[in-house]
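As a plain string of letters, each chain reads:
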Amino acid sequence: MANKRSFGVMKTLGFSLIPLIILVIVLELGLRVFLYQLESPYKLGLVDAYARVKLGVLKFRARKTVADLSIPPGLEEALYSKEGKLLFQELKNSYETHFKLLVNETKKINSRLIVLYIPSDNYRTKTFNKKTRNFFRELTQKYTIEFLDLTDEFLKWPVDYPTLLPENGHLSRFGNKLVVEALEPLITRYDDHRSSFQFENRPRLLGDLVPNENKFWKLWEAKPFRAITNSQGFRMSYDLKFPKEKQRILILGDSFTYGPYMGDHETYPAMLDKKFPDKEVINAAVLGYTIPDEVDLFVDRAKFVEPDITLLQVLDNDIIGLFFLKRKEFSRNKFLFGRLTEVMQPISGDKTFLPSELELEFLESINKKVPR
C-alpha cells in the first residue's frame, strides 16, 4: 500500500514537472531566437538560413577561382560598372571607416591633415577617375580636411610629360616637380602650424622600409634607380633627431609618393625637403599601401616623428585596393617591410583576408566573362 502511495506521489510530481520543463524549453528557444535576431540582419530565420546557404555555395564555387587567380582580369573596370555598384559602395564605406580613424589620430597629436589626390594611369582616357576624385573630395569635405586635387594641373600637359607613359604610369621627374609646385603655396600657408605634442618613448623604427639601405633596384629593366633609406625606415638620406628643431611634414602614401624609377632627389618629398630648408619632409610611403596600411603605419610608428603636418597622398586604385584579393597581395599585415626587399619579411599573426558576400558575387560575375 505504501509503495502504491509513493508511486502515486512520484507520478503526480512527474506530471506537475512537465509544464515547468516545457516552460524552460520555450524560454530557451525564445531566448535563442531573440539573441539570433540581434545578430542577424534578417527578420525571418528562413531568410537568414537561405542567405547562409547561398553564401556557402558561393564560397564553394569561388574557392577554385580565388586560388587560381591573384587578380582577376577586368577587376577594376568592372568595379566602376553597373554590376559593381553595390561593391563599390561597400569598399567606399570601408575606406571611410579607416580614414575617420586617421582623422582622429592626427587630431590627438595636433597634426594638421591634408589629402593630396594625384591622377593616375592614363587619366585622359580612364572614365572612372571622376568617380574616385569625387569620392575623395566629398570625404574630405565631410570631415573638414584640406583637399588638393592635381587633375587640372596634370591635364595641362600631354600624359607622357607628368608620367612615364606609355611604358609606365608612375610619375616622371617632371610629374614630381608639378606636385611640388602645387604643394608649395599650401605648405607655405601652414608655416606657423606647430604641434607641441611630444612622446616620451618611441620605437626604433618609425617607417616600414628596411633601414640603412643604399642599392640599385631593377623593378623595370628600362629604369633602374638607387634607393636610400635612413636608420628609421624612411626613404630619406638623413635621420630625424629629437627633440625636433624644424617643422615636420609626414607624407603617407603609395608608390606615387615613394617614387620608383626615380632617384631619391627626384621624388617630390625630397624636392620639397630641399625647397624648404626650415622644414623636414618625411617620405613614409610604401609601394602597394592603401588606407588601412597607412593608418596602421601611422598609429604603430610614424606618429612618433611628431609631425606638425600629415599629408595623405591618395590614388584612384586606393579603393579597389581594399578588395580582398588586393589585400591578400599587398597588405601591410602580410609583409611588414616595404615592397623593395629582396626577401620579403612576413610578420607573425598574418591576417587572412576573407571575401565578403558581395566580393564573392562580384568575383563570380567577372569570371563568367573570362574566356576559359
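Residues numbered from 1 in each chain as written. Predicted model: local features only at pLDDT ≥ 70, side-chain atom pairs only at ≥ 80, totals over all residues. Heavy atoms only, no water.

## Details of the packing of helix α7 (residues 173–189) against helix α9 (residues 268–275)
Consideration 1: Packing of α7 against α9 brings their axes to within 9 Å, and their N-to-C directions diverge by 50°. With respect to α9, the axis of α7 lies oblique. You can see that α7 and α9 cross each other, and the crossing is right-handed. For the pair α7 and α9, contact is made by Arg173, Asn176, Lys177, Val179, Val180, Leu183, Glu184 and Ile187 and by Tyr268, Met271, Leu272 and Lys275, respectively.
Consideration 2: Of the residues that constitute the contact of α7 with α9, the class distribution is seven nonpolar, one polar and four charged. (Axes fitted to C-alpha atoms, helices over the stretch in contact; angles between N-to-C directions. Helix = DSSP H or I, 4+ residues; strand = E, 2+ residues; numbered from the N terminus. Parallel < 35°, antiparallel > 145°, perpendicular 65-115°, else oblique. Left-handed = near helix turned anticlockwise from the far one by under 90°. Contact = heavy atoms within 4.5 Å. Nonpolar A, V, L, I, M, F, W, Y, C, P; charged D, E, K, R; others polar.)

## Quick notes on the sheet that holds strand β9 (residues 309–314)
Consideration 1: Ordered by their spatial adjacency, five strands build an open sheet running β2-β1-β9-β7-β8, and the pairing between neighbours is parallel. Across the chains shown, the open sheet's two edge strands, defined by having one partner strand only, are β2 (146–149) and β8 (279–283). Neighbour-to-neighbour, the strand axes of the sheet open up by a mean angle of 20°, direction not taken into account.
Consideration 2: One ladder, built from five bridges, connects strand β7 (residues 247–252) with β8; its direction is parallel. Residue glutamine 247 lies in a different strand from β8, and its bridge partner there is lysine 279.
Consideration 3: Relative to β8, α9 is tilted by about 175°, and along the sheet it contacts β1 (112–117), β7, β8 and β9. (Pairing = 2+ DSSP bridges.)

## Digging into the packing of aromatic side chains
Consideration 1: Here the structure, examined in full by the defined rule, presents 15 aromatic pairs.
Consideration 2: Between tryptophan 157 and phenylalanine 174 the ring centres are 4.9 Å apart and the planes differ by 80°, which places this aromatic pair in the edge-to-face class. Of this pair, tryptophan 157 sits in the loop between α6 (151–154) and β3 (163–164) while phenylalanine 174 sits in helix α7; the two residues are 17 residues apart in sequence, bridging distant segments of the chain.
Consideration 3: Judged by relative accessible area, which is 28%, phenylalanine 174 ranks as partly exposed.
Consideration 4: Measuring from centroid to centroid gives 6.3 Å for tyrosine 161 and phenylalanine 174, while their planes differ by 85°, and the two rings are edge-to-face. With tyrosine 161 in the loop between α6 and β3 and phenylalanine 174 in helix α7, the pair connects residues that are 13 residues apart, well separated along the chain.
Consideration 5: Above the ring of tyrosine 258, the side-chain terminus of arginine 235 is found at 4.7 Å from the ring centroid.
Consideration 6: It is arginine 248 that lies over the ring of phenylalanine 242; its NZ or CZ is 4.7 Å from the centre. (Phe/Tyr/Trp six-rings, centres within 6.5 Å; stacked < 30°, edge-to-face > 60°. Buried < 20%, exposed > 50% of the residue type's maximum accessible area, 1.4 Å probe, protein only. Lys NZ or Arg CZ within 6 Å of the ring centre and 35° of its normal.)

## Here's the deal with the packing of helix α4 (residues 85–108) against helix α5 (residues 129–142)
Consideration 1: Remark: α4 packs on α5, axes separated minimally by 12 Å, with the N-to-C direction vectors making an angle of 35°. In this structure, α4 crosses over α5, and the sense of that crossing is right-handed. Along its contact with α4, which presents Phe88, Lys92, Tyr95, Glu96 and Phe99, the element α5 presents Lys131, Phe135, Phe136, Leu139, Thr140 and Lys142.

## Thoughts on the confidence of the model for the protein chain
Where the model shows low pLDDT, its predicted coordinates should not be examined in detail.
Consideration 1: Put simply, the protein chain has an average pLDDT of 84, and 77% of its residues get 70 or more.
Consideration 2: Within the model, pLDDT remains below 50 along residues 64–70, and this stretch shows nine contacts once partners closer than five positions in the same chain are excluded.
Consideration 3: Across residues 337–350, confidence stays below pLDDT 50; counting only partners more than four residues off in sequence or on other chains, it has 39 contacts. (pLDDT = per-residue confidence, 0-100.)

## A look at the pattern of salt bridges
Consideration 1: Evaluated as defined, the whole model comprises 19 salt bridges.
Consideration 2: With its nearest N and O atoms 2.8 Å apart, the salt bridge here joins aspartate 264 to arginine 235. Placement of aspartate 264 in the loop between α8 (255–258) and α9 and of arginine 235 in the loop between β6 (225–228) and β7 is noted, with a sequence separation of 29 residues between them.
Consideration 3: With relative accessibility at 5%, the residue arginine 235 sits in the buried group.
Consideration 4: The residue arginine 327 makes a salt bridge to aspartate 293 at a minimum N-O spacing of 2.9 Å. Here arginine 327 is found in helix α12 (residues 324–330), whereas its partner aspartate 293 is found in helix α10 (residues 291–300), with 34 residues between them in sequence. Here arginine 327 matches aspartate 293 in class, with each residue buried.
Consideration 5: Through salt bridges that share partners, Asp208, Asp300, Arg301 and Arg332 make up one connected network. (Salt bridge = Lys/Arg side-chain N within 4 Å of Asp/Glu carboxyl O.)

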